[in-house]
Amino acid sequence: MDPRIIVVTSGKGGVGKTTTTANLAVALAKAGYKTAAVDGDIGLRNLDVVLGLENRIVFNLVDVVEGACKLQKAMVRDKRVENLFLLPAAQTRTKDAVSAEQMLKLCDELRENFDITLIDSPAGIEQGFRNAAIGADEAIVVTTPEVSAVRDADRIIGMLESMSKSPIRLVLNRLRPAMVKSGDMIDVKDVLDILAIELIGVIPDDTSVVISTNKGEPLTLGDESLAAKAFSNVARRILGEEVPLLDLDAPDQKGFFGFLRKALGL
Amino acid sequence: MNFLARLFQLIGKEKSKETAKKRLQLVLIHDRTDISPEMMENLRKDLIGVISNYLDIEEEKIELDFSKEERSVALVASIPVKSVKRRAERRAEPA
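Residues numbered from 1 in each chain as written. Chains lettered and ligands numbered in written order. Predicted model: local features only at pLDDT ≥ 70, side-chain atom pairs only at ≥ 80, totals over all residues. Heavy atoms only, no water.

## Focus on the overall build of chain B
Helix and strand content of chain B: four helices and four strands. Reading the secondary structure of chain B in the N-to-C direction produces α-α-α-β-β-β-β-α. Scored against the burial criterion, the 95 residues of chain B give a buried share of 16%. Counting contacts in chain B only where the partners sit at least 6 residues apart, residues at least 24 apart contribute 51% of the total. In the structure as shown, chain B presents an accessible area of about 7,500 Å², 54% of it carried by carbon and sulfur atoms. (Helix = DSSP H or I, 4+ residues; strand = E, 2+ residues; numbered from the N terminus. Buried < 20%, exposed > 50% of the residue type's maximum accessible area, 1.4 Å probe, protein only. Contact = heavy atoms within 4.5 Å. Areas by Shrake-Rupley, 256 points an atom, 1.4 Å probe, with all protein chains shown as cover.)

If you want it as structure tokens, here you go:
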């Protein structure tokens, strides 16, 4: 496989870019691909804490692009999963610390060293996003079934298209099947109709995501939850496998008591 | 709250999902026809130029905007006409 660089982005903040990046990176590494998770959010780094690697950081992305240290030295190796490496963002610098040219050069170097690189983009449509996306071949757009998030996703898709990223695929995060059923949440089909891009996965809204972030242990490390499974499936689809979408109706929504719960809106 | 929402649904009030979808479709059509005010102004000037060859129009009363219907966009112009120019007839003839 040719080395691939995928930017994970969304436009709107807080829809789950970093969580998605962390879970996909772990799943891809577990599948045997040498994987780099790059935090592109200079000044507001978070991928390190979501991955649970915050205590192991010595150097960061800005050190690498400024030539203060070699890429290999800045990459934090994950001891829980073979093949997984984190390139943390700088926390005490701003987005201006990195130029588009520097990012392109960094991406070339990542390509030489890793099978798959995931770049976690900052929210917004400014230089920070552009830097995160410029060196990437492909894009994963994360959105939630909300008007504001879908609108921003539409904007970012337009920009990714003008930057010739291909494929651009969608992760629909935090879907609540019970709300979709009761008619109070936009459905997968609605979002796809509106955004007109390829779907690469639907992640159910799941309390296990919050718990995993609390602990710094991505779900794909070995959690049994539906969200964990959904993230693993996205990783498999990235690798070209055809995996059907999960049945997201949680077990407690099934059966008589589930019916009762739903009917009462509990 | 939830129970009430359900009751409203039964009476035929629109589900919030449909409202969200419609609002999104409308707002996106506007977002996607991302035409700058400057470009809109140029369009207006050019339109006035062309139409003035044929008709006397009230330039300051021209209304120009995009109208959104379902998934399509139309440019709608309201151009009040003062009078029709006689020389328009000549211009309409093939050269």
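There's plenty left to go through after this.
## Describing the overall build of chain A
Regarding its fold elements, chain A presents twelve helices and eight strands. Looking at chain A as a whole, 55% of its 266 residues are labelled buried. Across chain A, every contact between residues at least 6 apart in sequence was considered, and the portion connecting residues at least 24 apart equals 75%. Split by element, the accessible area of chain A, about 11,500 Å² in all, is 50% carbon and sulfur.

## What about helix 5 (residues 100-113) of chain A?
All names here are of chain A. With 14 residues, helix 5 ought to run about 20 Å at 1.5 Å a step, and its terminal C-alpha atoms sit 20 Å apart, in line with that. Taken together, the buried positions of helix 5 are Ala100, Met103, Leu106, Cys107 and Leu110. Down the axis of helix 5, the buried side of the element spans an arc of 115°, and every buried residue falls inside it. Seen from the buried face of helix 5, the exposed residues on the opposite side, beyond 90 degrees, are Glu101, Lys105 and Glu112. (Expected span 1.5 Å × (residues − 1). Arc of directions from axis to C-beta.)

## With respect to the pattern of salt bridges
The full count for this structure, using the stated rule, is 18 salt bridges over all chains. Across the pair Arg45(A) and Asp48(A) runs a salt bridge whose closest N-O atoms are separated by 3.2 Å. Between Asp190(A) and Lys21(B) there is a salt bridge, and its shortest N-O distance comes to 3.1 Å. Taken together, the residues Asp190(A) in helix 9 (residues 188-195) and Lys21(B) in helix 2 (residues 16-32) connect one chain to another. A single burial state applies to Asp190(A) and to Lys21(B), both of which are buried. If you follow the salt bridges from partner to partner, you end up with Arg4(A), Glu138(A), Arg169(A) and Glu198(A) in one network. (Salt bridge = Lys/Arg side-chain N within 4 Å of Asp/Glu carboxyl O.)

## Some thoughts on the sheet that holds strand 5 (residues 116-120) of chain A
Residue and element names in this part refer to chain A. Strand order in the open sheet made by the eight strands is 3-4-2-5-1-6-7-8, with mixed pairing throughout. At either margin of the open sheet sits one strand with a lone partner, and together these are strand 3 (76-77) and strand 8 (198-204). By the bridge criterion, five bridges tie strand 2 (residues 35-39) to strand 5 in an arrangement that is parallel. What sits directly across from Thr35, in strand 5, is Ile116. (Pairing = 2+ DSSP bridges.)

## Brief notes about the confidence of the model for chain B
In low-pLDDT regions, the fine details of the predicted coordinates are not to be read closely. Taken as a whole, chain B shows an average pLDDT of 77; of its residues, 71% reach a score of 70 or greater. Least confident of the elements in chain B is helix 4 (residues 87-92) of chain B, whose mean pLDDT is 54; most confident is strand 1 (residues 55-57) of chain B, at 90. (pLDDT = per-residue confidence, 0-100.)

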